[in-house]
Amino acid sequence: MKNLFALFLVNLFLIGNLSAQNIEKWIDSKKPLLFEKLYLHVDREFYSPGDKIWIKVYQVNGITHKLNSNFRNVFVQLVSETGKVITEHVLFSVNGQAHGEIVTENLESGMYTIRAYTSYLKNFGEEACFHKRIWISRTMNPANLFDNNQADYSKIDVSFFPESGNLVLNAVNTVAFKAIDAKGKGIYVSGKILNDRGDTISSFSTSFLGMGKLIMMPMEGDNYLATIDQVPGMKVRFEPANPNGICLNFKESRESLLFGVSANMKLENKPAFYFVASHKGFVLFYEKIEMNDFAESFKLSKSRFPKGISKISLLDTLLNPLAERLIFVDDGKDDMLKLQLNKREFKPREEVTINIEALLASADSIKSTLSMAVVNRNYLGTSGNSQNIKSYLLLDSDLKGAIESAASCFVNDGHISSAEKLDLLMMVQGWRSYFWDDIEQTETPPIVEWNDAGINIKGVVKKLFWEAPVPEAKVVLGPAGGNFLMIETTSDENGRFEFKQIYLRDSTQVMINAKTKNGGRNTRIILDPAFQKDSVIQVDSINQTTFNIEPHRKFAMDNYYRRMKEMGYNPEKGSILLTGIDVIEQRIPKEATQFRIYQNADKSLKITPNDYQYNNIFDYLDGKVAGLIVTGEQISIRGGGMPLFLIDGIEISDFPPGSGNVLKEIRALRMKEIDKIDILKSGGNLASFGSKGADGVIAIYRTTGDYTLNKEHYVWGRITERINGYQRIGKFYSPKYTIENINLPQPDFRPTLYWNPDVSLLNGKANLGFFTSDETSNYDVFIEGISKSGKICYGTTSFRVNKK
């Protein structure tokens, strides 16, 4: 008997030791994950056709949230409700940041999706791409749009989610639930949990966006269902309770995380299991727990968890899952940016100043730049901005599925705290929806896709009159828009050639020549598309990841009066052209100067065919404008510094930064490409440009024609094409009102008062200023960024503009 008992102890020791070895191997088997996230700060959510959508890109390490320290291509698309790609731009991300714009001219009313990705992210499916819904509206009469706050219970769905994944018999279970309407929006419901005999076991009601929770204890021999007070006859049946399961309960306190585990109280043998905490696929720690009673509780310090979503798993000794849930851990360090306005109420066309201070640890700082938007609150959703850098990086990008108003989860309301909202979301949205589980199962893509900066110009060289390839052909690229010297390569055995990591901006004309190995020109060149772009996106895949937004009455009213006043203003006469609502829908034809923000140029020059004889713009301008001086490579207005150059309303800056290529780029423009040149030198015109326009402005407007080589004069062995490169970076101009121009009759109803994608801090502080518009409304300020250590930096405040 003693021998048998000794053998039992040895076997028990071996099993326990083997179990410990197995979990260690299981942890070691988890591969390190290489993943990135892409977030776009978008200035607002509602637009009118003709508005610009301003964007700032943040490209970060998916685990640490540090900005990526490399150069990348970022693809930004505007997708219609049918999945059609309306516009697509390629932005050049430098050290994890880029910014650009999307033009909405001539777009139809409706909901659109801003979709952004990198070549690397596309390997992980649609969930890995960035999405944000916006609305573009031509609606003129607000009577056509009503805010319908009446709940529609004609078609609702109510789902229940046990906290541990399954109901556990003879144990106290916390069960979350969510009720949604036909559009997928959370809706208020109340109801009861009944057993087979009709006894009320528990009652419930929603507390946030259709979500809520209840407590119940399933008993042997009973089945359960839920009834909904608002929908008589609706019944939701529960799955039978598991007699061998474990309940996992969670609650967050100020400094600690409280966990409770409970089993079927009628079980004789209390279970033993592993408590495993993981974060983004990485195991933080594990503990073996042997229950001495049917319920146990313990406390863990928050310091053991990173900020954001972590996964708690209970595994049996064979590593089979017993219970699982997601938790959200907040470190108590909120927005990291302190914003201070000079006051809270302003008059129209009055200056606003704002002080920004970073609230970071002494070892941390913001080495990159922040982005800042100041917008009319009526151009956001009814509950405010539905998405920000904090809600996206901590929620949207880590959970599968569409989240309704993710940003509101971080706001404390009178009846429910932010922590309670987030925990409901973890129990409902996070139930089997942790995106990092999918990432773990995805084979790591080739690292070459991590470094894809630049444009690859490639194609094939073929013989002139048939399809045979030309191997070992000498292929020369250049010149291209006057921006770089010639580059040479040789085609392979299939006639294929490629020029890698070429940097082209905007629409650039390039010339490629190809000769045979013996120097002959009897070749033709066929180019591949510069980028493999999507023309249509699967609508279902977008809808599953992105929540819809709807326009509301306040937006419709503001948009209506704004368009009425802007379209009716005649800058020549200073009067209102439109006298009745009946003609509001008529559009004023726009010429090439549609991009301008000034009233009338001090000097306007229309280019005619007679002007094509000039070598470049500088030769043409010499002597044509009083006070404008052209001397060799220099140009000035009234003896000042170099003026600000605009092409189609976009500021021309150095690319790459510090290269001093502004004049070279302007000189490269051909006279045939230019429709009109405006010279601005008076104080009234220059006020809109701030300090940038202190030395004058030269605004160049291009024609819409294609000036590639005439196809009828084809040259053997040569091709000249326009290639769409990186988007030219636009400049947001906010008017600067002075005594001279504050009473100008030109209406100012900008929904976005201020946009700055490159706010720099000096010693952790910055001071910025801008002017209000004529629109009396509430305005919200949003500032976003990432610190050196990967801390999410976010700050918001608000003010009001009243009548004079």
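Cut-offs and rules
Residues numbered from 1 in each chain as written. Predicted model: local features only at pLDDT ≥ 70, side-chain atom pairs only at ≥ 80, totals over all residues. Heavy atoms only, no water. Helix = DSSP H or I, 4+ residues; strand = E, 2+ residues; numbered from the N terminus. Buried < 20%, exposed > 50% of the residue type's maximum accessible area, 1.4 Å probe, protein only. Contact = heavy atoms within 4.5 Å. Areas by Shrake-Rupley, 256 points an atom, 1.4 Å probe, with all protein chains shown as cover. Pairing = 2+ DSSP bridges. Axes fitted to C-alpha atoms, helices over the stretch in contact; angles between N-to-C directions. Phe/Tyr/Trp six-rings, centres within 6.5 Å; stacked < 30°, edge-to-face > 60°. pLDDT = per-residue confidence, 0-100. Salt bridge = Lys/Arg side-chain N within 4 Å of Asp/Glu carboxyl O. Core = buried A, V, L, I, M, F, W, Y, C linked by side-chain atoms within 4.5 Å. Polar contact = N/O pair within 3.5 Å; in protein donor to acceptor, adjacent residues only side chain to side chain.

Asker: Mind laying out the overall build of the chain, listing which residues take part and the relevant values?
Answerer: On a plain count of helices and strands, the chain comes out with 9 helices and 46 strands. Counting only residues that meet the buried cut, the chain has 51% of its 804 residues in that class. Of all intrachain contacts in the chain linking residues separated by at least 6 positions in sequence, the fraction that spans at least 24 positions is 70%. For the chain, the computed accessible surface area is about 37900 Å², with 51% contributed by carbon and sulfur atoms.

Asker: Describe in detail the side chain of Glu775, supporting the description with residues and values.
Answerer: Its location among the elements puts Glu775 in the loop between strand 44 (765-771) and strand 45 (777-786). For Glu775, the contacting residues outside a window of four places in its chain are Asn376, Asp558, Asp748, Phe749 and Val801.

Asker: For the sheet that holds strand 27 (residues 455-463), give the residues involved together with the corresponding values.
Answerer: Reading across from one edge, 30-27-32 is the order of the 3 strands in this open sheet, with antiparallel pairing throughout. Since the sheet does not close on itself, it has two edges, and those belong to strand 30 (496-502) and strand 32 (523-527), each with one partner. Strand-to-strand twist of the sheet, defined as the mean angle between neighbouring strand axes without regard to direction, takes the value 25°.

Asker: Account for the packing of aromatic side chains, with residues named and values stated.
Answerer: Given two aromatic rings, their pairing is described by the distance between the two centres and the angle made by the two planes. Evaluation of the coordinates by the stated rule reveals 36 aromatic pairs. Aromatic side chains Phe259 and Phe275 sit 5.1 Å apart centroid to centroid with 75° between the ring planes, which places their arrangement in the edge-to-face category. Taken together, the residues Phe259 in strand 17 (residues 256-263) and Phe275 in strand 18 (residues 272-279) connect sequence positions 16 residues apart. By relative accessible area, Phe275 is classed as buried at 1%.

Asker: Provide a residue-level description of unusual backbone geometry, including the pertinent values.
Answerer: Not every positive phi belongs to a glycine, and Leu209 is a case in point at roughly 45°. Within the element layout of this structure, Leu209 appears in the loop between strand 12 (200-205) and strand 13 (211-216). Note on Leu209: relative accessible area 25%, which makes it partly exposed. Here Asn763, not a glycine, exhibits a phi torsion of approximately 55°, which is positive. Following the sequence through the fold, Asn763 ends up in the loop between strand 43 (752-759) and strand 44. A relative accessible area of 74% places Asn763 in the exposed class.

Asker: Give me the lowdown on the confidence of the model for the chain, citing residues and values where you can.
Answerer: The predicted model of the chain has a mean per-residue pLDDT of 85, with 88% of residues at 70 or higher. For the stretch residues 1-18, pLDDT sits under 50, and the model shows 0 contacts to residues farther than four places along the chain or on other chains.

Asker: Tell me about the sheet that holds strand 11 (residues 190-195), and please be specific about residues and values.
Answerer: Within the open sheet, the 4 strands sit side by side as 12-11-14-15. Their pairing is antiparallel. Only two strands of the sheet have a single partner each, and these edge strands are strand 12 and strand 15 (235-237). Across this sheet, the average inter-strand angle for adjacent strands is 25°, counted without regard to direction. Relative to strand 15, strand 14 (residues 224-228) runs antiparallel, the two sharing 3 bridges. Along strand 15, the bridge assignment pairs Ala226 with Val236.

Asker: Mind laying out the pattern of salt bridges, listing which residues take part and the relevant values?
Answerer: Counted by the stated rule, this structure contains 36 salt bridges. In this structure, the salt-bridge partner of Arg44 is Asp51, at a minimum N-O distance of 3.4 Å. Looking at Arg44, the relative accessible area reads 4%, which means it is buried. The class for Asp51 is buried, based on a relative accessible area of 8%. Arg562 is the salt-bridge partner of Asp51, the closest N and O atoms lying 2.4 Å from each other. Residue Asp51 is found in the loop between strand 2 (46-47) and strand 3 (52-61), and its partner Arg562 is found in helix 6 (residues 553-568); the two are separated by 511 residues along the sequence. Through salt bridges with shared partners, a single network forms among Asp43, Arg44, Asp51 and Arg562.

Asker: Please give an account of the environment of His279 that cites residues and values.
Answerer: As for its position among the elements, His279 is in strand 18. We classify His279 as buried; its relative accessible area is 7%. Considering only alpha carbons, one finds His279 and Ile312, 33 residues apart in sequence, at a separation of 9.0 Å. With residues near it in sequence (within four places) discarded, His279 still touches Leu284, Pro306, Lys307, Ile309, Ser310 and Tyr434.

Asker: Let's hear about the pairing of strand 22 (residues 321-329): which residues, and what values?
Answerer: In this sheet, strand 22 lies alongside strand 21 (residues 308-315) in antiparallel orientation, the contact comprising 8 bridges. Bridging from a neighbouring strand, Ser310 pairs with Ile327 of strand 22. Here strand 21 hands over to strand 22 after 5 residues, with Leu319 in that stretch at a positive phi of 70°.

Asker: Tell me about the nonpolar core, and please be specific about residues and values.
Answerer: Core analysis: the largest hydrophobic core is formed by 68 residues, its most contacted members being Leu40, Val76, Ile114 and Leu395. In contact with Leu395, other than residues within four places in its own chain, are Ile309, Phe328, Lys390, Ile403, Ala406, Cys409, Phe410, Leu422, Leu425 and Met426. Core analysis: the second largest hydrophobic core is formed by 27 residues, Met336, Leu360, Tyr754 and Ile783 among them.

Asker: Give me helix 2 (residues 389-396): which residues, what numbers.
Answerer: Two residues of an α-helix separated by three or four positions point the same way, owing to the 3.6 residues in each turn. Among the 8 residues that make up helix 2, 8 are buried, leaving the element largely enclosed by the rest of the structure. Its side-chain oxygen placed 3.0 Å from the backbone nitrogen of Lys390, Asn388 serves as the N-cap of helix 2.

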